[in-house]
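# Topology and contacts: notes
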Amino acid sequence: MTMETVQDRGRLRRWWSLWAVGGVDHDAILRQIAEDSGWSGRYAFLIVISAAISLLGLLMPSVAVLIGAMLLSPLMMPIIGLGFGIATVDTREIRRAATALLVGALLAVALSVVCVALSPIQTITSEIAGRTRPTLFDLLVALLSAVAGAYALIRGRGGTVVGVAIAIALMPPLVVVGFGIATLNWTVFAGSLLLFLTNAITIALTAALVARVYGFGSHLSPQHTGWQLILFVVALGLLSVPLGTALRQIAFEAVAQRQVRETISERFPDASRLGQLDIDFTARPIRIRAVILTPRIDPDADRVLAAALRRRLSQPIDMHVDQLNVMPDDASVEAAQIARAGSAAGAGEAQRRQRAVSDLALIAGVAPETVRSDTASRLLAATAGALPGLPMAGYRALEARAAQALPDWQVLLAPPVDVELPPVPVTAGVVDDTALSVAAWASTRRDLPLAVDGGTLAQRRAIATGITDRGGRADPGMAGGPIRLRWNEPEGPSRPTAPNDGPEPPTVR
């Protein structure tokens, strides 16, 4: 190192100390952080309000409502306080900020667990699904936003903090953690927890680094500085492993979709047309199912395509192509050529279909391969996973929320087999309309008839007619006891009639 280089570094250090560090009121900033980073009644109130708004925004779903929750951002100051405590090695401030952060996070999670558990609607919306698969990009956003937030705090740029609060979403991932616990969906729980930890750790350590650059902790020894740098690098390095893996998997799936289409198209004649393509990346080996319309059947297609895709993707492949023989008339050849010319648009449609299947699988709490899809009729169908305590009406509401989250598709979500059928209350001779509608929906989705037991024959007939009029299937069942519904046996139920059944049926409204 030359003498001139040493002198240049010295001048740069003096300039930074004079114009940047010298203009910072370190004591005032530390006092402000100490006031705002600890536990208080105001902080607890903002935690509750922010968590409630976040939950509503996630379930609706509404980006505008979520932005409102982000602007409150009660967790930001404890995390910033933790970072400045690390920068100055102030163990008291570290304990205060860490305690406030931990208790606030647990309060938000507990509140969301209780609210979701009590709610009949437990739908995994697009906003919830978007917070279950963090990538390396999320870490980069948190790092850059934390630099801006720490700078804004040090230099008194209050307006910048608003943008930072929106960029770093702290409360919505915590609420999704509670949603995952309440619905026993551990995929949602793990993904959202990783996103929150990524944001919190990155903000704290980046704030500590920016604070050191601006002269906080100037009394520390070079050994302290070295340990702080090691902590920063190691923590971000550990977070980068799962986030980088997730990003790499997403990139691989996008490239694999295109390569599978290209490989299939190259194997078959120009007059062929790829009708449907399903790829299950979670299976081992990767499972690929395709339907192709072709003028010539290729008996070796499965074997040749599987070998070609193994070479291109470097992954084991389970390949099967259903080939439908079509005559190559002028119209079909032209259609195939148009389809091939628009292969990029077709790939985009396949990605949209796969994304819709994944979203419905998350909402229904089932594996994506169990979701049935028909691109031509824009239909998605699945049987929901069992959610303990959720009544039949809740599964109907779950289907409605799924349809709202996937407006371009017709969604049919059948309830699990072991869900109890709804009671059918009769008040003053009037049957509850909601109960009839839920029963008709259950009969339609499970494609099974219902039997109406109990009460009088006239009552059973009136209720069965009400269910049938609403699109379901039902017949009068057995007499005796209160009115209740049950699934009809496949061979048909026995239907004894009571000789003293009254003639007056209830009114169906």
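Residues numbered from 1 in each chain as written. Predicted model: local features only at pLDDT ≥ 70, side-chain atom pairs only at ≥ 80, totals over all residues. Heavy atoms only, no water.

## As for the sheet that holds strand S10 (residues 474-476)
With mixed pairing, the three strands of this open sheet are ordered in space as S10-S9-S11. The sheet is open, and its two borders are formed by S10 and strand S11 (484-487), each paired with just one other strand. When strand polarity is set aside, the average angle formed by the axes of neighbouring strands in this sheet is 30°. Here four bridges tie strand S9 (residues 450-453) to S11, and the two strands are oriented antiparallel to one another. Counted as the bridge partner of Asp453 is Arg484 from S11. (Pairing = 2+ DSSP bridges. Helix = DSSP H or I, 4+ residues; strand = E, 2+ residues; numbered from the N terminus. Axes fitted to C-alpha atoms, helices over the stretch in contact; angles between N-to-C directions.)

## Let's talk about the side chain of Ser50
For Ser50, the location among the structural elements is in helix H3 (residues 41-59). Aside from chain neighbours lying at most four places away, what touches Ser50 is Ala69, Leu72, Pro74 and Met171. (Contact = heavy atoms within 4.5 Å.)

## Some details on unusual backbone geometry
Each neighbour pair has its own omega, and for Met60 with Pro61 the value is -20°, a cis peptide bond. On the secondary structure map, Pro61 appears in the loop between H3 and helix H4 (63-72). Omega for the peptide link from Arg284 to Pro285 comes to 5°, which places this bond in the cis form. Inspection of the secondary structure assignment puts Pro285 in the loop between strand S1 (273-280) and strand S2 (286-294). Look at Val89: it is not a glycine, yet its phi comes out positive at around 50°. Counting through the fold element by element, Val89 comes out in the loop between helix H5 (76-88) and helix H6 (91-118). Under the relative-accessibility criterion, Val89 is labelled partly exposed at 39%. At Asp447, a position not held by glycine, the phi torsion is positive, near 55°. (Buried < 20%, exposed > 50% of the residue type's maximum accessible area, 1.4 Å probe, protein only.)

## Observations regarding the sheet that holds strand S5 (residues 379-383)
Spatial strand order, S4-S5-S6: three strands in an open sheet with mixed pairing. Looking at the sheet topology across the chains shown, the edges are occupied by strand S4 (372-374) and strand S6 (410-414). When strand polarity is set aside, the average angle formed by the axes of neighbouring strands in this sheet is 10°. Pairing analysis gives five bridges linking S5 to S6, with the strands arranged parallel. Opposite Ala382, over in S6, you have Leu413 as the bridge partner.

## Let's talk about the packing of H3 against H6
When two helices pack together, their arrangement is given by the angle between their axes and by how far apart the axes lie. Viewed as axis vectors pointing N to C, H3 and H6 meet at an angle of 40°, and their least axial separation amounts to 9 Å. In this view, H3 runs oblique relative to H6, as classed from their interaxial angle. In the packing of H3 onto H6, the handedness of the crossing is right-handed. In contact with Tyr43, Ala44, Ile47, Val48, Ala51, Ala52 and Leu55 of H3, H6 contributes Ala100, Leu101, Gly104, Leu107, Ala108, Leu111, Cys115 and Val116. The residue makeup of the contact of H3 with H6, split by class, is 14 nonpolar, one polar and no charged. (Parallel < 35°, antiparallel > 145°, perpendicular 65-115°, else oblique. Left-handed = near helix turned anticlockwise from the far one by under 90°. Nonpolar A, V, L, I, M, F, W, Y, C, P; charged D, E, K, R; others polar.)

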